[in-house]
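Tertiary structure, described
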Amino acid sequence: MTNSYPVDDIEIVPLSPIFTDIVDLFSCLIPDLEDFVKDDALRQQDEAVNFTHLWISKESKILLGYVTLCNDSIGLHGKKKEEMKKIGISYRKLPALKICRMAVHKDFTRRGIGTLMTAFVMKIALKMNDVSGCRFITLEAKNLQDLDEKDKPIHFYRKNGFEILKERKPNPSYIPMYKDLKPIINERRKAKYEIV
Ligand SMILES: CC(C)(COP(=O)(O)OP(=O)(O)OC[C@H]1O[C@@H](n2cnc3c(N)ncnc32)[C@H](O)[C@@H]1OP(=O)(O)O)[C@@H](O)C(=O)NCCC(=O)NCCS
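Here goes a summary of the coordinates provided. (Residues numbered from 1 in each chain as written. Predicted model: local features only at pLDDT ≥ 70, side-chain atom pairs only at ≥ 80, totals over all residues. Heavy atoms only, no water.)

Once that is clear, we can look at the packing of aromatic side chains. All told, the structure shown has seven aromatic pairs when counted by the stated rule. Aromatic side chains Phe-136 and Tyr-178 sit 5.8 Å apart centroid to centroid with 75° between the ring planes, which places their arrangement in the edge-to-face category. Remark: Tyr-178 occurs in strand β7 (residues 174-180) and Phe-136 occurs in strand β5 (residues 136-142); sequence separation between them is 42 residues. Taken as a pair, Phe-136 and Tyr-178 share a single burial class, namely buried. Relative to Tyr-157, the ring of Phe-156 lies with its centre 5.1 Å away and its plane at 70°, an arrangement referred to as edge-to-face. Overall, the relative accessible area of 24% leaves Phe-156 in the partly exposed class. Aromatic ring contacts, followed pair by pair, group Phe-26, Phe-36 and Tyr-66 into a single cluster. The ring centre of Phe-36 lies 4.2 Å from the NZ or CZ of Arg-101, which sits over that ring. (Phe/Tyr/Trp six-rings, centres within 6.5 Å; stacked < 30°, edge-to-face > 60°. Helix = DSSP H or I, 4+ residues; strand = E, 2+ residues; numbered from the N terminus. Buried < 20%, exposed > 50% of the residue type's maximum accessible area, 1.4 Å probe, protein only. Lys NZ or Arg CZ within 6 Å of the ring centre and 35° of its normal.)

Shown next, in the form of structure tokens:
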């Protein structure tokens, strides 16, 4: 990455009507993701369906990107089901936090903002884990056929530690992906016990 975006310039705020003018100027490489934040996100947030976090430049007040989250779960099947059964966990599903939508303004891609966003989501998932349990982060990566492999969202998510979720049916447009938080949860627990 040549020119990382300055982290100090980023302010993360919940989507609200006071940001309508800023949101209306958002421009993204995928039109659906541009339309969502302009037309649907606030209504869905008002209905408690999901929640959108805006990433705004403190200096220019440009909307650099957004990430929309909701609760999710992963059904246990096959190998995972067996693994969990062995340790005495026989639930049908395990809790997850889902990245419903995520987009960076087209003039600011490839400057590390998307990577920072996935770290932000992970922080939220770990906070959720501390109060109610959260094992995975899930998402559905857009399957953009006409792009080079390295330019596909799936490549970006792989770089950020996500894997294809084979238990969920892919469709031609979306590839289900997930990240297991257990290794990070273990590390944090170890560090906590070492401090105490
Ligand atoms: C995908 C997206 C969120 C990544 O955010 P970003 O700020 O550009 O990502 P970062 O700068 O942190 O990381 C970019 C790295 O991811 C990889 N990458 C893979 N697909 C990419 C893509 N479509 N756009 C940008 N980078 C991509 C690149 O290898 C790049 O690494 P490099 O800088 O070494 O070349 C952003 O580009 C975007 O909003 N794209 C359009 C909307 C979209 O595809 N959303 C995801 C839908 S599932």
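So, next bit.
Quick look at the site of the ligand now. Neighbouring the ligand are 24 residues, the closest being Val-104, Arg-110, Gly-114, Thr-115 and Asp-151. Met-102 has a polar backbone atom sitting 3.0 Å from a nitrogen atom of the ligand. Arg-110 has a polar backbone atom sitting 2.7 Å from an oxygen atom of the ligand. Within the residue set of the shell around the ligand, elements represented by two or more residues are β4 (93-104), α4 (113-131), β5 and α5 (153-159). Per element, the largest residue contribution to the shell around the ligand is five residues, and it comes from α5. (Near = heavy atom within 4 Å. Polar contact = N/O pair within 3.5 Å; in protein donor to acceptor, adjacent residues only side chain to side chain.)

By themselves these figures say nothing about function.
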